Amino acid sequence: MGGMDVELASAFTASLPPWLVDELPALAEAPPLAAAEERVRLVNRLADWNWRAGNGGPFAAIVVDAASGALVSVGVNVVLSTNLSSVHAEVMALSLAQRRLGHWDLGAHGADLELVVNWRPCVMCYGATMWSGVRALTVAGEGAELEELTGFDEGPMPEDWSGEFERRGIRVSVGVGHDDAVEVFRAYGASDAVVYNARGASEG
Ligand SMILES: [Zn+2]
C-alpha cells in the first residue's frame, strides 16, 4: 500500500473547485431556473467546464426548488482534486444542499427539492439520491452513450431504476438537454483526460 500515512485518518473534506467557488455569488444572484431546459443547461455547462479544468469527470449536478427553480446548491465531480472516489457531482450537490439547509433530509418541512444531473446517476449516486430527501430527479439522459463515449461505468443499476424512485415519491424526468449532454461526453472522450474508475486507475 504505497504512500499510506503512518497515522489513521479522522476526517475528510471535499470542496468545490476554485473556478466554481468564484462563480457561486453570480449563480446565487441569478434569476431562478424556471424551466427544466435552463436547469439542465447549467449542469451541462458546469460538467464541460469541470473536466476541462482537471477536477474530475464531466459531471455536474444542482439542487433547486422544484416549483420555482431557485438554486439551493451546485456540485461537480471532484474525485481527482480530492483523491476521494465517492465525491461525485450528485454527492457534492446533495451534501452542500444539506449543509446549507442544516438538515440531512432535503424533504423536511414540506420542501420539494429537485436534483438535476447531466446523466443518470451511477449506482452509488442512485442510493445517495434515494436517501437524500429530494422529491424529484431530472437527468439529461440515460443509457449506453455515457460508457461508450467516456469509459465511465454506472455500475449494476436496477432495470426499473426510475420505478424504484417513483415508488418512493421521487418524480423522474429524463431527456431534457440530452444532445448537449452527449456533446460534453463526446468532447471528453476525444480528449486524453483520465477515467478514474478503480480498474482504470492503475493503468494510468
Ligand atoms: Zn455517481
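Residues numbered from 1 in each chain as written. Predicted model: local features only at pLDDT ≥ 70, side-chain atom pairs only at ≥ 80, totals over all residues. Heavy atoms only, no water.

Draft legend 1. Just the pattern of salt bridges, in detail. Under the defined criterion, the tally for this structure stands at ten salt bridges. Its salt-bridge partner being Arg120, residue Glu142 comes within 3.7 Å of it at the nearest N-O pair. Taken as a pair, Glu142 in the loop between β4 (136-139) and α6 (145-150) and Arg120 in the loop between β3 (113-117) and α5 (123-130) lie far apart in primary sequence, 22 residues in all. The exposure class assigned to Glu142 is partly exposed, which follows from its relative accessible area of 34%. Between Glu164 and Arg168 there is a salt bridge, with the nearest N and O atoms lying 2.8 Å from each other. Taking relative accessible area as the criterion, Glu164 reaches 25% and is therefore assigned partly exposed. Overall, Arg168 belongs to the partly exposed group, its relative accessible area being 46%. Each of Asp160, Glu164, Arg167 and Arg168 takes part in a single network of salt bridges with overlapping partners. (Salt bridge = Lys/Arg side-chain N within 4 Å of Asp/Glu carboxyl O. Helix = DSSP H or I, 4+ residues; strand = E, 2+ residues; numbered from the N terminus. Buried < 20%, exposed > 50% of the residue type's maximum accessible area, 1.4 Å probe, protein only.)

Draft legend 2. Summary view of the confidence of the model for the chain. For the chain, the mean per-residue pLDDT works out to 92, and 94% of the residues sit at or above 70. Contacts of residues 200-204 to residues separated by more than four positions or lying in other chains number one contact, the stretch itself having pLDDT below 50. (pLDDT = per-residue confidence, 0-100. Contact = heavy atoms within 4.5 Å.)

Draft legend 3. Representation of the packing of aromatic side chains within the structure. For the structure shown, the criterion picks out eight aromatic pairs. An angle of 80° between the planes, with centres 5.3 Å apart, marks the rings of Trp119 and Phe185 as edge-to-face. One end of the pair, Trp119, is in the loop between β3 and α5; the other, Phe185, is in helix α8 (residues 178-190), and 66 residues separate them in sequence. The exposure class of Trp119 is buried, given its relative accessible area of 1%. The class for Phe185 is buried, based on a relative accessible area of 0%. (Phe/Tyr/Trp six-rings, centres within 6.5 Å; stacked < 30°, edge-to-face > 60°.)

Draft legend 4. Focus on the packing of helix α2 (residues 36-53) against α8. Interaxial distance between α2 and α8 falls to 9 Å at its minimum, and their mutual angle equals 5°. The angle between α2 and α8 falls in the class roughly parallel. Judged by residue contacts, Asn44, Ala47, Asp48, Trp51 and Arg52 of α2 engage Asp180, Ala181, Val184, Ala187 and Tyr188 from α8. (Axes fitted to C-alpha atoms, helices over the stretch in contact; angles between N-to-C directions. Parallel < 35°, antiparallel > 145°, perpendicular 65-115°, else oblique.)

Draft legend 5. Region of interest: the coordination of the zinc ion. Only His88 (ND1), Cys122 (SG) and Cys125 (SG) from the protein coordinate the zinc ion, and they sit 2.1 to 2.3 Å from it. In the primary sequence, the donor residues of the zinc ion line up as H-x33-C-x2-C. Linking His88 in the loop between α3 (79-82) and α4 (89-101) with Cys122 in the loop between β3 and α5, this pair joins segments that are 34 residues apart in sequence. Exposure remark for His88: the relative accessible area of 17% places this residue in the buried category. (Donors = N, O, S within 2.8 Å, 3.2 Å for Na, K, Ca; no water.)

Draft legend 6. Representation of the pairing of β3 within the structure. Among the five residues that make up β3, five are buried, leaving the element largely enclosed by the rest of the structure. Of the two faces of β3, the one holding Leu113, Leu115 and Val117 and the one holding Glu114 and Val116 are both buried throughout. Note that strand β1 (residues 60-65) and β3 share five bridges and pair antiparallel. For Ala61, the partnering residue across the bridge sits in β3 and is Val117. One ladder, built from four bridges, connects β3 with β4; its direction is parallel. Pairing of Leu115 across the sheet is with Leu137, part of β4. Viewed along the sheet, the connection from β3 through α5 into β4 turns out right-handed. (Pairing = 2+ DSSP bridges. Right-handed = clockwise from strand over helix to strand, strands pointing away.)

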